[in-house]
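Reading the structure
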Amino acid sequence: MKYLPLLLLLLQPALLFSQQRPLITERAETVKKNILLFDIGMEFLQDAVFAFSGLEGDLTRIGVVGVRFGAADNVEIQILGTIQNLLSIKNRFDAPNTPNLDFSGNSTSDFGDFTMATKVLLVKEKNRWPAISSHFGFQMPNASNKNGLGNDETNFFSSLLLQKQFGRLQFFTELGLVVLGDPVSPGAQDDLFTYGFALMHPLNDQINLVVDAYGRVGAGGIGTEEQSRLRLGTQIKAAGLYWDVALFLGFRDTDPSSGLVVGVSKEFRLPFFGN
């Protein structure tokens, strides 16, 4: 009986924030209709490798933005990207794109690639069944290969999202396929399997703890390498905003080794779109 209060606490429904940050694995739930969720943040990543350009160093991503709009009760439209990437170069090596680099000094910068996507909630969470959504979109080649931070390739992805609550614990799963343009072989593509597994645990009404393991596996090549990454962080609701901070860990040779992620999110109601 002495463990009964703890058991009751764990079985209480979790208070979920609407924010996505700092998770990369997508929630199955969509932003509510006529609600716009705007988020912005920064990332500081150590030992980032750009294998196609032969560059390695510390990457700062400034203005990591997300715009998510509830276009219908079960449809979310997304625009995601980075306003500016700054790479402090520690090492250079021969690579396919090396002859095309057009900058001087030990640093380079450029816009990040932007993604346009749609998320559709197919099944709401009920009893033992998880919420199920589809998520699909494309990534535009905004970053130039002349600055060494882009591949000049358009990428397409599609994934299935699952979301299930167990007491106060919330689980998110994303499984899909990404079609990456091969920057080394014109007209070719690399198809990789993508995955994400995230867990959210609320400490109280204002703070959630989150962990997110995500990446991609398959026959990737130079510029389309496999990835295996982890984020450990927290979401904090305060002063009408959703704050987030997370530690980043990369496990493959071409992943950044470690880093810090910070950001803030805000909801806006757009009444001019109707009821």
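Within every chain, residues take consecutive numbers counted from 1 along the sequence as written. Per-residue local features are limited, in this predicted model, to residues with pLDDT of at least 70; the limit for side-chain atom pairs, both in listing and counting, is 80 or more; totals at the level of whole chains, interfaces and linings are taken over all residues. Each side-chain value is worked out from all heavy atoms of the structure, with water and hydrogens disregarded.

Examining the overall build of the protein
Numbering of helices and strands starts at the N terminus; helices are DSSP runs of H or I of at least 4 residues and strands are runs of E of at least 2. A tally of regular secondary structure across the protein gives one helix and 13 strands. Only C-alpha atoms enter the radius of gyration; for comparison, a globular chain is expected to reach 2.2 Å times N to the power 0.38, where N is the number of residues. Computed over C-alpha atoms, the radius of gyration of the protein comes to 20 Å, within 12% of the 19 Å expected from 2.2 N^0.38 for 275 residues, which places it in the range of a compact globule. Dimensions along the principal axes, computed over C-alpha positions, put the protein at roughly 65 × 45 × 35 Å. Between buried and exposed lies partly exposed: a residue is buried under 20% and exposed over 50% of the maximum accessible area for its type, with that area taken using a 1.4 Å probe on protein chains only. Within the protein, the fraction of its 275 residues that count as buried is 46%. In what follows, a contact means two residues having at least one pair of non-hydrogen atoms within 4.5 Å. Taking the intrachain contacts of the protein between residues at least 6 apart in sequence as the baseline, contacts between residues at least 24 apart amount to 59%. Each accessible area is a Shrake-Rupley result for a 1.4 Å probe, and residues are judged covered by the shown protein chains and nothing else. A total of about 13,900 Å² of accessible surface is found on the protein, and carbon and sulfur atoms cover 62% of it. The positive count covers Lys and Arg only, the negative count covers Asp and Glu only, and His and the chain ends enter neither. We put the charge of a Lys on NZ, of an Arg on CZ, of an Asp on CG and of a Glu on CD. Put simply, the protein has 23 plus and 28 minus side-chain charges, and the middle of one group is 13 Å from the middle of the other.

Describing the pattern of salt bridges
We define a salt bridge as a side-chain nitrogen of Lys or Arg found within 4 Å of a carboxyl oxygen belonging to Asp or Glu. Enumeration over the complete set of coordinates arrives at 14 salt bridges. Among the ionic pairs, Arg61 bridges to Glu43, the shortest N-O distance being 2.9 Å. Taken together, the positions of Arg61 in strand β2 (residues 55–72) and Glu43 in strand β1 (residues 35–50) put the pair 18 residues apart, joining distant regions of the chain. Classification of Glu43 by relative accessible area gives buried; the value is 4%. Asp58 serves as the salt-bridge partner of Lys90, at 3.1 Å between the closest nitrogen and oxygen. With Lys90 in strand β3 (residues 75–92) and Asp58 in strand β2, this residue pair connects regions lying 32 residues apart in the sequence. A residue is classified by how much of its surface remains accessible, and Asp58, at 23% relative accessible area, is partly exposed.

Here we look at the packing of aromatic side chains
Centre distance within 6.5 Å is the pairing criterion for rings of Phe, Tyr and Trp, where only the six-membered ring of Trp is used; planes under 30 degrees apart are then read as stacked, over 60 as edge-to-face, and the remainder as tilted. Going through the model one piece at a time under the given rule, you end up with three aromatic pairs. Ring plane angle 40 degrees and centroid distance 6.3 Å describe the contact between Phe138 and Phe156, whose orientation is recorded as tilted. Within this pair, whereas Phe138 is found in strand β6 (residues 131–139), its partner Phe156 is found in strand β7 (residues 155–166), the two being separated by 18 residues in sequence. When its relative accessible area of 29% is taken as the criterion, Phe138 is described as partly exposed.

Some words on the pairing of strand β5 (residues 115–123)
Note: β3 against β5, six bridges, orientation antiparallel. Counterpart to Ile77 in the pairing with β5 is Thr118. In short, DSSP must find at least two bridges between two strands for them to pair. Note that β5 and β6 share eight bridges and pair antiparallel. Residue pairing for β6: Ala117 is matched across the bridge by Gly137.

Some points on unusual backbone geometry
Cis rather than trans, the peptide bond between Arg21 and Pro22 has omega equal to -5 degrees. For Pro22, the location among the structural elements is in the loop between α1 (4–11) and β1. Positive phi, close to 70 degrees, is recorded for Asn34, a residue that is not glycine. Of note, Asn34 is situated in the loop between α1 and β1. For Asn34, a relative accessible area of 6% corresponds to the buried category. The phi torsion at Asn127 lies on the positive side, around 45 degrees, for a residue other than glycine.

Side note on the nonpolar core
A general tendency of soluble globular proteins is for nonpolar side chains to be buried together. If you look at the biggest cluster of nonpolar residues, it comprises 10 residues: Leu45, Ala48, Phe50, Leu55, Leu59, Leu87, Ile89, Leu149, Tyr214 and Phe248. At the level of elements, β1, β2 and β3 are the ones that each hand at least two residues to this core. The element that contributes the greatest number of residues to this core is β1, accounting for three residues. Ranked by size, the runner-up nonpolar core spans five residues in total, among them Leu23, Phe172, Met200 and Val210. The definition of a nonpolar core used throughout is a set of buried Ala, Val, Leu, Ile, Met, Phe, Trp, Tyr and Cys residues joined through side-chain atoms within 4.5 Å.

With respect to the side chain of Thr108
Examined against the element boundaries, Thr108 turns out to sit in strand β4 (residues 107–110). As used in this structure description, the phrase polar contact means that two N or O atoms lie within 3.5 Å; if the pair is within protein, one of them must be able to donate a hydrogen and the other to accept it, and residues adjacent in sequence are counted only when both atoms belong to side chains. A distance of 2.7 Å separates the side chain of Thr108 from the backbone oxygen of Asn147, its partner in a polar contact. The contacts of Thr108, once residues within four sequence positions are left out, are Leu55, Asn85, Leu86, Leu87, Ile89, Phe103, Asn147 and Leu149.

Points about a nonpolar patch on the surface
For patch detection, residues must exceed 30% relative accessible area and be free of salt bridges, and they are connected within 9 Å for like charges or within 5 Å for nonpolar side chains (Val, Leu, Ile, Met, Phe, Trp, Tyr). Together, Phe44, Leu232, Val245, Leu247, Leu249, Phe251 and Leu260 make up a nonpolar patch on the protein surface, roughly 590 Å² of accessible area in all. Here the nonpolar patch gets three residues from one element, more than from any other, and that element is strand β12 (residues 241–250). Among the secondary structure elements, Leu232 is positioned in strand β11 (residues 227–238). Look at Leu232 and you get partly exposed, because its relative accessible area is 38%.

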